[in-house]
Amino acid sequence: MQKGIFYITESAIALALMAAIIFSLAAFDAPKPAEKAGEVYIIQRLDDILKARFLEGDFSAEKMAADFEMVFPGKSGFVEANGKRIGIGKGGGSAVAAGAVFYSANLKRKELVVSVFID
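Not measured: the values here are computed from a predicted model.

### Some points on the overall build of the protein chain
Along its length, the protein chain carries 3 helices and 4 strands. Seen in sequence order, the protein chain has helices and strands lined up from the N terminus as α-α-α-β-β-β-β. Across the 119 residues that make up the protein chain, the buried fraction comes to 25%. Summarising the internal contacts of the protein chain: among those between residues at least 6 apart in sequence, 47% fall at separations of at least 24. With the model as given, the accessible surface of the protein chain reaches about 8,500 Å², and the carbon-plus-sulfur share is 64%.

Structure representation (structure tokens):
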């Protein structure tokens, strides 16, 4: 009788442990790092465009459009500098955007936005 109770207890513990492992693996559905790497790369490139405009001190939409075409050849998007917007390419649905606000020494506001369509 003692062996029977021991085997039932051992099998119940093993079954509960196996079920816990299976449920934890099924619930662990986090995005893989490789899936998010493309979006991180795009965001870094958008920030690079904004930094380049800041370092050069030229906040024109035309220069930003030229930078966009150099960084994202063949992609669609738009650039905006102080309310002047230039569309690049055909457009799309989902987009990733980055923006920055710069103030000059005399507190003149410069607002820049750059966006790329990802689909």
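### Observations regarding the pairing of strand E1 (residues 77–81)
A large share of E1 lies buried, amounting to 4 of its 5 residues. Bridge count for E1 against strand E2 (residues 84–88) is 5 bridges, and the pairing is antiparallel. Within the sheet, the bridge partner assigned to Val79 lies in E2 and is Ile86. Between E1 and E2, which pair antiparallel in sequence order, lie 2 residues; one of them, Asn82, sits at a positive phi of approximately 55 degrees. Pairing between E1 and strand E4 (residues 109–117): 5 bridges, direction antiparallel. Pairing of Ala81 across the sheet is with Leu112, part of E4.

### Here's the deal with the pattern of salt bridges
Tallied over the entire structure, the rule returns 5 salt bridges. With a shortest N-O distance of 2.2 Å, Glu62 and Lys84 are connected by a salt bridge. Of this pair, Glu62 sits in helix H3 (residues 61–71) while Lys84 sits in strand E2, and the two are 22 residues apart along the sequence. On the accessibility criterion, Lys84 (42% relative accessible area) is partly exposed. Connected via shared salt-bridge partners are Arg53, Glu56 and Asp67.

### Focus on the nonpolar core
Formed by 21 residues in total, the largest nonpolar core has its most connected members in Leu46, Phe68, Phe72 and Val114. Looking at this core, the elements with two or more residues in it are helix H2 (33–56), H3, E1, strand E3 (95–103) and E4. Looking at which element gives the most residues to this core, the answer is H3, with 5 residues. Not counting chain neighbours up to four residues away, the residues in contact with Phe72 comprise Ile42, Arg45, Leu46, Ile49 and Val116.

Conventions and cut-offs
Within any chain, residue numbers begin from 1 and follow the written order of that chain's sequence. Totals for whole chains, interfaces and linings use every residue, but because this is a predicted model, local features are given only for residues with pLDDT of at least 70 and side-chain atom pairs only at 80 or more, for both listing and counting. Excluded from the side-chain calculation are hydrogens and water; included are all heavy atoms of the structure. Secondary structure is summarised from DSSP: a helix means a run of H or I of at least four residues, a strand means a run of E of at least two, and numbering begins at the N terminus for each. The buried label goes to any residue with under 20% of its type's maximum accessible area, the exposed label to any with over 50%, and the partly exposed label to all in between, with areas taken from a 1.4 Å probe on protein chains only. Contact criterion: two residues are considered in contact whenever any of their non-hydrogen atoms come within 4.5 Å of each other. For the area figures, the Shrake-Rupley method with a 1.4 Å probe applies, and any residue is considered shielded solely by the protein chains shown. By the convention used here, strands pair only if DSSP detects at least 2 bridges between them. Just to be clear on terms, a salt bridge is a Lys or Arg side-chain nitrogen sitting within 4 Å of an Asp or Glu carboxyl oxygen. Buried Ala, Val, Leu, Ile, Met, Phe, Trp, Tyr and Cys residues that are joined via side-chain atoms within 4.5 Å together make up what is termed a nonpolar core.

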